[in-house]
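# Breakdown of the fold
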Amino acid sequence: MRTEPVGGAIPATKPPAGIPRSAYWLATLPPLFWSGNFLIARLMRETIPPVQMSFWRWSLALLILAPFCWRPIANSWPRIRGNLPFLALLGAIGVTAFNCFVYAALHYTPVANAALVNSLLPVVTFLLAYLILKQSLTRQQLAGIAVSLCGAVLVICRGDPRMLLNVSLNRGDILVFAGMSCWALYTVLIRWRPAGLPAMAFLGVTVFFGVLFHLPAVAWEYAVQGGFRLSMATAGALLYFSVFPSILAYVFWNRSVAVLGPGRTGMFMHLLPPTSAVLGFIVLGEQIAWFHLAGFAVIVLGIWLVTSAPRKA
């Protein structure tokens, strides 16, 4: 299996000569889309079973992608065939496992607990990048991780650190951590996307495997819980799931990892708490308090510390 870092020309241990500003803007969009995903999934948790929610989300995404992916896949089939185990692994952890774990978790854990556990993702991503890609961290990057994590915690505990004493782990928290760990591993492994494989071919194949690996879990869930009724609300939710947090978020995230690296890109996941607060204000009428603004400012400072630090070889 011949693979190399995404983009094909830059070793994983060397930074690109110049990082365009557009890469940072792209990295901010997936957390925004995923915030909407969490919000809608929480609202629909009693209507659509979690595994079926994930399965139909990605099945629709695959149908939308098909017209754009089939020709790149056909042209790159010899390269894809030689890397099927690796691409299947990415589909299993980045599409199937990550989404099923998160949707199942939203049935059992409060939003505060889920957000707190999910805020550990950049730390886990950097750790896996260190273990797998041998990427070391500078003191400035370590400081940025700590600062950004503090900003996320500030939002989650609503400006009162004593709230952290009342946070207790449950089955949902464990599921969130499992899903977050799968996404961190996916973020690191896509640095080894097969050389010369077009982005649309890569996305189409991984989504196909992700849908395929859903089938046993969907059959089990349907036998135990039954299905769901298709309505305007469920159709609208699945359409949003399939376009924004699926296709667009994955395209932007993969591109950001290619340019910024997995560790720096992972830092942008700390934007989830403040963007979730904004969406809660817009959709649910929840008020935005001082700790939302303060937490957002601290998170941005932490991201700046990490992304502005020169990367070690």
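Within any chain, residue numbers begin from 1 and follow the written order of that chain's sequence. Per-residue local features of the predicted model are confined to residues with pLDDT of at least 70, and side-chain atom pairs are confined, for both listing and counting, to 80 or more; whole-chain, interface and lining totals are unaffected and use all residues. Hydrogen atoms and water are omitted, and side-chain values are computed over all heavy atoms in the structure.

## Some points on the packing of aromatic side chains
Quick reminder of the rule: Aromatic contacts are taken between Phe, Tyr and Trp rings whose centres are within 6.5 Å, Trp giving its six-membered ring; a plane angle under 30 degrees counts as stacked, one over 60 as edge-to-face, and the others as tilted. Working definition: helices are DSSP H or I runs of at least four residues, strands are E runs of at least two. Numbering for both runs from the N terminus. In this scheme, the term charge over a ring applies when either NZ of a lysine or CZ of an arginine sits within 6 Å of the ring centre and within 35 degrees of the ring normal.
For the structure on display, the rule yields 18 aromatic pairs. Considering the side-chain rings of W183 and Y186, the 4.8 Å spacing of their centres and the 25° angle between planes classify their relative orientation as stacked. Separated by 3 residues within a single helix, W183 and Y186 lie in helix α8 (residues 171-189), roughly one turn from each other. Aromatic rings pair up to connect W34, W58, F98, W183, Y186, Y250 and W253 into one cluster. Above the ring of F202, the side-chain terminus of R193 is found at 5.6 Å from the ring centroid.

## Things to note about the pattern of salt bridges
What counts here: A side-chain nitrogen of Lys or Arg and a carboxyl oxygen of Asp or Glu constitute a salt bridge if their distance falls within 4 Å. Only protein chains enter the accessibility calculation, which uses a 1.4 Å probe; a residue is then buried when its area is under 20% of its type maximum, exposed when over 50%, and partly exposed in between.
Tallied over the full model, the rule gives 1 salt bridge. With its nearest N and O atoms 3.9 Å apart, the salt bridge here joins R45 to E46. For E46, a relative accessible area of 68% puts it in the exposed group.

## Concerning empty space enclosed by the protein
To keep things clear, this is the line we draw: Only protein atoms enter the calculation, which uses a 1 Å grid: trapped sets of points that fit a 1.4 Å probe without letting it out are cavities, open sets showing protein on both sides within 12 Å along at least five of seven lines are pockets, and any residue with an atom within 4 Å of a point is a lining residue. Grid points are joined across faces, edges and corners, and a volume is the space filled by probe spheres set on the points. Charged means Asp, Glu, Lys or Arg here, nonpolar means Ala, Val, Leu, Ile, Met, Phe, Trp, Tyr, Cys or Pro, and polar covers whatever is left, Gly included.
If you walk through the whole model with that rule in mind, you get 2 cavities of 30 Å³ or more. Of the volumes computed, that of the second largest cavity is approximately 30 Å³. Together, N37, F38, R57, F98, N99, V102 and Y103 line the second largest cavity. Of all the secondary-structure elements, those providing two or more residues to the lining of the second largest cavity are α1 (21-43) and α4 (84-105). At 4 residues, the largest contribution of residues to the lining of the second largest cavity is made by α4. Looking at the lining of the second largest cavity residue by residue, the class counts come to 4 nonpolar, 2 polar and 1 charged.

## Quick notes on the layout of surface pockets
The probe, sized like a water molecule, is rolled over the atoms to show the empty space still left. Of the voids in this model, the second largest pocket is the one considered here, and its volume is about 460 Å³. Of all the elements in the fold, those that place two or more residues in the lining of the second largest pocket are α1, α12 (272-284) and α13 (290-308). By residue number, the principal contributor to the lining of the second largest pocket is α1, which donates 6 residues. Split into classes, the residues belonging to the lining of the second largest pocket amount to 12 nonpolar, 3 polar and 1 charged.

## Quick notes on the environment of L175
What counts is decided by this rule: Should any heavy atoms of two residues lie within 4.5 Å, those residues are counted as being in contact.
Its place among the elements puts L175 in helix α8. By relative accessible area, which is 17% here, L175 ends up buried. Sequence separation of L175 and A105 is 70 residues, and the distance between their C-alpha atoms is 5.3 Å. Apart from residues lying up to four places away in sequence, L175 is in contact with F101, A104, A105 and Y108.

## A short note on the packing of α4 against α8
For clarity, the threshold we go by: In this description, a line fitted to the C-alpha atoms serves as the axis of each element, helices being fitted only across the stretch in contact, and the angle between N-to-C directions of two axes falls anywhere from 0 to 180 degrees. In what follows, roughly perpendicular refers to angles from 65 to 115 degrees, roughly parallel to angles under 35, roughly antiparallel to angles over 145, and oblique to any angle outside these ranges. In this scheme, a crossing is called left-handed if the near helix is turned counterclockwise away from the far one by less than a right angle; it is called right-handed if the turn is clockwise.
Contact pair α4 / α8: the axes reach a minimum separation of 8 Å and the direction vectors enclose 155°. Classed by the angle they form, the pair α4 and α8 counts as roughly antiparallel. Crossing handedness for the pair α4 and α8: left-handed. Across from F86, L89, L90, I93, G94, A97, F98, F101, A104 and A105 in α4, the residues of α8 making contact are G172, L175, V176, A178, G179, M180, C182, W183, L185, Y186 and L189. In terms of residue class, the contact of α4 with α8 is made up of 18 nonpolar, 3 polar and no charged.

## Quick look at helix α10 (residues 232-260)
Note the cut-off: Expected span of a helix: the number of residues minus one, times 1.5 Å. The angle separating two fitted axes, one through the seven residues that finish at a residue and one through the seven that start at it, defines the bend at that residue.
Under the 1.5 Å per step criterion, the end-to-end length of α10 is 39 Å for 29 residues, consistent within 8% with the ideal 42 Å. Of all the bends in α10, the greatest measures close to 35° and is centred on A249. Trailing α10 by a residue or two, G261 shows a phi angle of about 95°, which is positive.

## Concerning the nonpolar core
Nonpolar side chains tend to gather and get buried jointly when the protein is soluble and globular. For clarity, the cut-off: Residues enter a nonpolar core if they are buried and are Ala, Val, Leu, Ile, Met, Phe, Trp, Tyr or Cys, with the set joined through side-chain atoms within 4.5 Å.
Of all hydrophobic cores here, the largest spans 51 residues; its most connected members are W34, W183, Y186 and Y250. Looking at this core, the elements with two or more residues in it are α1, α2 (50-75), α4, α6 (121-132), α8, α9 (199-225) and α10. It is α4 that contributes the most residues to this core, 10 residues altogether. A152, V259, F268 and V306 belong to the second largest nonpolar core, which has 13 residues in total.

## Let's talk about a nonpolar patch on the surface
Threshold: Distance thresholds for patches are 9 Å for like charges and 5 Å for nonpolar side chains (Val, Leu, Ile, Met, Phe, Trp, Tyr), applied to residues having over 30% relative accessible area and no salt bridge. All accessibility values rest on the Shrake-Rupley procedure with a 1.4 Å probe; residue burial counts only the protein chains present in the view.
Taken together, L43, V278, F281, I282 and V283 make up a surface patch of nonpolar side chains, about 460 Å² in accessible area. At 4 residues, the largest contribution of residues to the nonpolar patch is made by α12. By the secondary structure assignment, V278 is in helix α12. On the accessibility criterion, V278 (37% relative accessible area) is partly exposed.

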